[in-house]
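# Secondary and tertiary structure notes
Residues per chain, in single letters:
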Amino acid sequence: MTVPVLCIDGPSGSGKGTITQLVAQKLGWTILDSGALYRLTALSAERQGIACNDALSLASLAATLDIEFVASAYGEPVKVLLESEDVTQAIRLETTGNNASKVAVLPEVRAALLQRQRDFRQAPGLVADGRDMGTVVFPDAPFKVFLTASAQARAERRFQQLKAQGEDVRIAHLLKEIEERDARDMGRKAAPLKAADDAVTIDTTAHSIEKVLENVLAIVSR
Ligand code: DC
């Protein structure tokens, strides 16, 4: 029997991460945070002095990254380890996110991460969060959702998150970064950010998390 996958794709700040965690908890399924793999590649490259456009070095780095995802207490983010070091916070920095978006443009890096992502497909099921889960990594997945939200709403959500972490940021700056990242993620040739033909698109701009969760769970129980 094939293991079911629920793909949750969409741009940064659309609520994918939150919805993925909540749905996975409800269903008791494993999580794949594919963005974390690109972030880990970018962070590791930065630490080793590898440039964001050095495709071959980045691909070999991506293929051999020593990483571990450690489940934590209910409601807490999953801990991410790189060579046994806790990098949960380091990979969430804006600079790492932007560098992740740059290394993610390279087909060599995407190819190196493909099988690693597919290996997360384990019983009883997988919730896969990313940009190309439904189009490239798990095209045969029975459940596919594409979450969107206006760039302004996403910038405001990010602003609230960073403010809560004590970071001093401006919404206008976050909005510009989000628009640049969207353009890069949607405009790249390799596995661009887009909804799979068989995905259900949900606009989260004006919806509560509870409402979106309800809609996504309804898709899985169809
Ligand atoms: O979801 P995230 O913000 O953690 O992702 C960081 C970057 O990684 C994002 O800007 C684009 C890239 N990414 C990707 O290209 N494909 C994925 N499946 C997930 C993330």
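This text goes with the structure placed above it.
Residues numbered from 1 in each chain as written. Predicted model: local features only at pLDDT ≥ 70, side-chain atom pairs only at ≥ 80, totals over all residues. Heavy atoms only, no water.

### Examining the sheet that holds strand E7 (residues 143-148)
With parallel pairing, the five strands of this open sheet are ordered in space as E2-E6-E1-E7-E8. The open sheet has two edge strands with one neighbour each: strand E2 (30-33) and strand E8 (200-203). Between one strand axis and the next, the sheet turns by 20° as a mean value, whatever way the strands run. Pairing geometry for E7 and E8, over four bridges, is parallel. Residue pairing in the sheet places phenylalanine 146 in a bridge with threonine 201 of E8. (Pairing = 2+ DSSP bridges. Helix = DSSP H or I, 4+ residues; strand = E, 2+ residues; numbered from the N terminus. Axes fitted to C-alpha atoms, helices over the stretch in contact; angles between N-to-C directions.)

### Let's talk about the side chain of threonine 88
Mapped onto the elements of the fold, threonine 88 is located in the loop between strand E5 (85-86) and helix H4 (94-103). Under the relative-accessibility criterion, threonine 88 is labelled buried at 15%. From its side chain, threonine 88 meets the backbone nitrogen of valine 80 in a polar contact 3.1 Å long. At 2.4 Å, the side chain of threonine 88 and the side chain of aspartate 86 are in polar contact. (Buried < 20%, exposed > 50% of the residue type's maximum accessible area, 1.4 Å probe, protein only. Polar contact = N/O pair within 3.5 Å; in protein donor to acceptor, adjacent residues only side chain to side chain.)

### Here's the deal with the nonpolar core
Most often, soluble globular proteins keep nonpolar side chains buried together rather than apart. One finds Leu32, Leu40 and Phe138 to be the most contacted residues of the largest nonpolar core, which totals 36 residues. Contributions of two or more residues to this core are made by strand E1 (5-9), helix H2 (34-48), helix H3 (55-64), strand E4 (79-82), H4, helix H5 (107-118), strand E6 (126-130) and helix H6 (133-137). No other element matches H2, which puts seven residues into this core. Among the nonpolar cores identified, the runner-up in size contains 16 residues, and Ile8, Val127, Leu147 and Val212 belong to it. (Core = buried A, V, L, I, M, F, W, Y, C linked by side-chain atoms within 4.5 Å.)

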